[in-house]
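Report on the structure
So you can see what is in the structure, the chains are spelled out below.
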Amino acid sequence: MAELPSGLLEACVVVGAHSDKLRDIHQLQQQGKLNGLPLLEAEVLQVHAPPFVSKETNSSQVIAPAFSRVQRRRSFIKKKRRDRAAETLSNGEAANRAEVSSATEDISVPKDLDLIALPELCFPGGLELASEQKQDSYHFLVFTDMFGNRTHGVVVQYYRAVPSCQEGVFQNGHRGSSTKARFYAPFAVCIISKFPYYNALKDCLSCLLVQLHTARQADFEETVKEFSAKLSLVPLPPPGQLHVSFSLRPLQVYLPSREDQDSPVVDIDLHLPFLCFTHTILLQVLSYLLQEQRLVLFSCDWARLTLVAECLLLYLQPLSWQQPYVPVLARGMLDFIMAPTAFLMGCHISHFEEVAAETEDLILVNIDDGSIQTSWCETVDLPAIPLVAAESFTSRAESLQLHFDLELCHLAAGTDANALRSQRRDWQRRLNTQIQNIALELVVNIFSGVQDFLSHEHRVFNSEEFLRTREPADQLFYKKVLETHIFHSFLRDRLNRKWDTFSRMEQNTRNLMHKNRGMTESPRRPPMSELSRSGYRTYGSPDNKLSKRLGASLPNLVQSVSETLPVISPRTVCRKMTPDIGLKSPKKAVKVFRLPEFPPPLAYHYVQNYYSDMIASLGKAINATPPEESALLARYHYLRGLVNTVSNRRLDALEDFQSLYKTDSDIFPSQMVKSLVDSLPESERLQADRKAELKRLISRVKRDQERECAGRGNGHEEGAIKRFQLPTKYMQLEEFVKCVQESGIVKDQGTIQRLFDALTVGHQKQVSPDLFKVFYTIWKETEAEAQEVCLPTSVLEHIEANECVFKVSSSVKTSRGVGKIAMTQRRLFLLTDGRPGYVEVAQYRDLDEVKVSSAPFMLLRIPGLKLRVRGRKETFEANLKTETELWNLMVKEMWAGRFTADQHKVNL
């Protein structure tokens, strides 16, 4: 059997007080033995989960197959009800209650659904009876299993009158002859879904309540069951710009799609934290999440806890929170905050003092008044987000328009509720996009440059060198973040070359200078034009030798330019601008596919007709879409493939998925297609083999499956990440090659072989750890000095944009004036002291002679370098003193390399 794609609904659960308890309270009221209304324990009363019916089910039994796999069921048996059944009851009441209990005790539950804690979470403040009608209220839940997979729930609590019953029995509180209402009992309806469609599911429950408020109590269960079955027929939209909508009277409900396969669903108002916190406080909370602190959110509104927590975690995308996450803690779950690990949890504000007094090392975030404190003192002393990234975030956030009412000032009063909702939805979608862009830019600004310190071949991250590139004031923040699980997961994605939103933003924000880097012989070293934005710097102080740029690596001689992502210079982003400038490509138009009306009787053949209507509508949409809109065509084919899958049209589904290779293969559902292929019966397999495209698809799926198995068999662990460390023992050539590659110095094995020979002259063919440390330190100092050169525009006019600095001398006296000699891959030039100026010394191919000389100075002779250039009468001399031999060697090497390259071109 093929694994069917999940739909909107996983289960719909009704929670409330059991009828026995309500009847007992009613009897006590009649007898005058009850002072006030007690707090009751909530229990699961109903569970509705797909599939609701099979093909063989009689159509009169209603309810249809759903967008979910067929599940084996188990019984949800309440332990306390078993205990109560054992109690001794008087007269004939025992037999009567036993009859009721046997009818309601075993509730069919999907095997993957754990409902033990659900009653408490549906009533986190306890199940309270009321003497008068109360307003309906909503809140939101997140369930996390032991593997970290999250399921989401939307709960509505509503009150129904509990009548006095003189005859008959209660059936889950909804059966019996009513006279006068004595009190009101709350019931909770919880929709559970694999995807966080919070706004959509809230709309669905709002439509359900319209029916429940007017329905007879005897029809309560069937009303909820029919509602659940309708939601189970709703397919989820494919990743991209195709949304799905359906009518659930009186509202039109919309399901927004994910941006891509790896992006989360965003069906939430992302500006809520901006309304609750100042920008400074919001950045503090994000900083504590990145450092994986123990955070507890507080609010007097249960709904705010989950909504704000979900927004905060979405701001960190593509970084993913790895620690325990329980945004709503019921009053009986407060002991969860005693967990010794990092976590993000939420409590009612009434528990604030209790939580603060019982546990230390907690960050307490009050959503209602937008404040932060700790459980051990009034202030929080933890490192903040790097200043430049924080200032850029604040600057962009100030330009957000957070109030929808301002959008309506020039419009007439609306008379169509759905039209008003559509306006609000479009405004919210635009605002969400802006906020996502601002938050993503914050993450990119914080972690830009990480890619330069990764060795993909050896899966090594050079954390020490990365830290040295950060500003001193920010290093404590990075030290804490680099040790977290959330950063480890982020590193794993970088090493696996995951093309996510972080990678795309780095790519999109490259300016012309970044693009020029691709034309250099040294793609990983920034060209001089990129490093020359803020003037000329000197190196008079030895403290400047290990600068913030220390650690940027030498050229990667084998890595392609396409594999290297650029670094965003933090100096260029701290300016106020509108939220979308330079952040993303132009927005694509959003299309909405409207599902057919749900079939009136939800019987099997009616549901099949519903699927057929949906397939026909998708076919018309495909035919009406021009070929140049291939991305939209792909989404229509994907959606039609889903519907064909659940309606048991396997070959048609495979043809739709095969079409993705012609339109957009990025959304190809590999696991679903693999399951489809495996489930094909022999007759359909033969039919597929007769169609060339399906045959190719099946072959491709099998090859991918074999490749995946082979990869697992080779034991390649994509999650493994090592931190670079200097060697502690003698290294032979093999270990030396690995160490140099991991350090990021160079990756070409021929270059490393020559370096190994140079370091082991006259010794055994081993490099000692002390020698390597000295070499490594000198290399880092040289790199730092070279990359700190900042040239004015007047000097840049003489240099090609793709040239890179490899070495800068100290300030020396030369035959052309006093200054510093700079070496690039093409030339030598002099940076004059005083007013920075450019003096051409020589291009390597024009050199005729390079030698060491000496110049008299009083009774001494100062060693220097003499260069004779072709076509010039005068020689160039520089009193390099102790640097003379080094520069003599370097210039000769560059001269020989350029001569060899020119000769090679001539021979070709």
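Residues numbered from 1 in each chain as written. Predicted model: local features only at pLDDT ≥ 70, side-chain atom pairs only at ≥ 80, totals over all residues. Heavy atoms only, no water.

1. Here we look at the overall build of the protein
Scanning the protein from terminus to terminus reveals 29 helices and 28 strands. Classification of the 908 residues of the protein by burial places 52% in the buried group. For the protein, the proportion of contacts with a sequence separation of at least 24, taken over those separated by at least 6, is 69%. Accessible surface, the protein as shown: approximately 42,600 Å² in total, 50% of it carbon and sulfur. (Helix = DSSP H or I, 4+ residues; strand = E, 2+ residues; numbered from the N terminus. Buried < 20%, exposed > 50% of the residue type's maximum accessible area, 1.4 Å probe, protein only. Contact = heavy atoms within 4.5 Å. Areas by Shrake-Rupley, 256 points an atom, 1.4 Å probe, with all protein chains shown as cover.)

2. Notes on the pairing of strand β14 (residues 343-348)
Counting buried positions over the 6 residues of β14 gives 6, a clear majority of the element. On β14, burial covers both faces: Phe343, Met345 and Cys347 on one face and Leu344, Gly346 and His348 on the other are all buried. Relative to β14, strand β12 (residues 294-299) runs parallel, the two being bridged by 6 bridges. Bridge pairing links valine 296 to methionine 345 in β14. Bridging between strand β13 (residues 325-326) and β14 involves 2 bridges; their strand directions are parallel. The partner of tyrosine 325 across the bridge, within β14, is leucine 344. (Pairing = 2+ DSSP bridges.)

3. What to know about the packing of aromatic side chains
Ring pairs (aromatic) are described by centroid distance and by the angle formed between their planes. Summed over the entire model, instances satisfying the criterion amount to 27 aromatic pairs. Ring centres of phenylalanine 140 and tyrosine 198 lie 5.5 Å apart, and the angle between their planes is 85°; this geometry places the pair in the edge-to-face category. Remark: tyrosine 198 occurs in helix α5 (residues 198-214) and phenylalanine 140 occurs in strand β7 (residues 137-144); sequence separation between them is 58 residues. Relative accessible area serves as the criterion here: at 3%, phenylalanine 140 is assigned to the buried category. Site record: aromatic cluster; members linked through ring pairs are Phe447, Phe453, Phe461, Phe466, Phe477, Tyr478, Phe487, Phe490 and Phe502. If you follow lysine 202 out to its NZ or CZ, it ends over the ring of tyrosine 138, 5.5 Å from the centre. Its end group placed over the ring of tyrosine 661, arginine 700 keeps NZ or CZ at 4.0 Å from the ring centre. (Phe/Tyr/Trp six-rings, centres within 6.5 Å; stacked < 30°, edge-to-face > 60°. Lys NZ or Arg CZ within 6 Å of the ring centre and 35° of its normal.)

4. Comments concerning the pattern of salt bridges
If you walk through the whole model with that rule in mind, you get 29 salt bridges. Measuring nitrogen to oxygen at the nearest pair gives 3.7 Å for the salt bridge that ties arginine 424 to aspartate 269. With arginine 424 in helix α12 (residues 417-447) and aspartate 269 in the loop between β11 (251-255) and α7 (272-276), this pair connects stretches of sequence that are 155 residues apart. Note that arginine 826 and glutamate 800 form a salt bridge whose closest N and O atoms lie 3.8 Å from each other. One end of the pair, arginine 826, is in the loop between β23 (817-824) and β24 (827-832); the other, glutamate 800, is in the loop between α28 (793-796) and β21 (805-808), and 26 residues separate them in sequence. A relative accessible area of 40% places glutamate 800 in the partly exposed class. Several salt bridges converge on common partners, so that one network encompasses Glu259, Asp260 and Arg504. (Salt bridge = Lys/Arg side-chain N within 4 Å of Asp/Glu carboxyl O.)

5. With respect to helix α20 (residues 630-646)
Across its 17 residues, α20 extends 25 Å between first and last C-alpha, which sits within 8% of the 24 Å expected from 1.5 Å per residue. The buried count for α20 comes to 15 of 17 residues, which makes it a mostly enclosed element. Positioned one or two residues after α20, asparagine 648 has a phi angle of 70°, which is positive. (Expected span 1.5 Å × (residues − 1).)

6. Topic: the sheet that holds strand β18 (residues 460-461)
Ordered in space as β17-β18-β20, the 3 strands form an open sheet in which the pairing is mixed. Edge positions in the sheet fall to β17 (454-455) and β20 (722-723), since each has one partner strand and no second. Relative to β18, β17 runs antiparallel, the two sharing 2 bridges. Bridge pairing in β18 links leucine 454 to phenylalanine 461.

7. Points about the sheet that holds β14
If you walk across this open sheet you meet the 5 strands as β13-β14-β12-β15-β16, and the pairing is mixed. A single partner strand is all that each edge strand has here, and the edge strands are β13 and β16 (371-374). As paired strands, strand β15 (residues 363-366) and β16 are joined by 4 bridges and run antiparallel to one another. The residue of β16 that forms the bridge with isoleucine 363 is threonine 374. The strands touched by helix α8 (residues 279-290) are β12, β14, β15 and β16; relative to β16, the strand with the most contacts, the crossing angle is about 40°. Running at roughly 160° to β14, helix α9 (residues 302-315) makes contact with β12, β13 and β14 of the sheet. (Axes fitted to C-alpha atoms, helices over the stretch in contact; angles between N-to-C directions.)

8. Remarks on the environment of arginine 723
Relative to the helices and strands, arginine 723 is located in strand β20. Apart from residues lying up to four places away in sequence, arginine 723 is in contact with Val460, Phe461, Ser463, Leu482, Glu483 and Phe487.

9. Notes on the environment of valine 44
Structurally, the position occupied by valine 44 is in strand β3 (residues 43-48). As for valine 44 and histidine 18, which are separated by 26 residues in sequence, their C-alpha atoms are 8.5 Å apart.

10. Describing the nonpolar core
Phe246, Leu289, Tyr315, Phe447 and Phe461 are the most contacted members of the largest nonpolar core, which has 196 residues in total. Val850, Ala878, Trp887 and Met890 belong to the second largest nonpolar core, which has 20 residues in total. (Core = buried A, V, L, I, M, F, W, Y, C linked by side-chain atoms within 4.5 Å.)

11. Describing unusual backbone geometry
Looking along the chain, the bond that leaves arginine 249 and enters proline 250 is cis, with omega of 10°. In this structure, proline 250 sits in the loop between β10 (242-248) and β11. In this model, arginine 497 sits at a positive phi of 55°, which is unusual for a non-glycine residue. Position of arginine 497 relative to the elements: it lies in the loop between α15 (485-495) and α16 (501-508). Under the relative-accessibility criterion, arginine 497 is labelled partly exposed at 40%. One non-glycine residue, asparagine 648, lies in positive phi territory at about 70°. Of note, asparagine 648 is situated in the loop between α20 and α21 (650-663).

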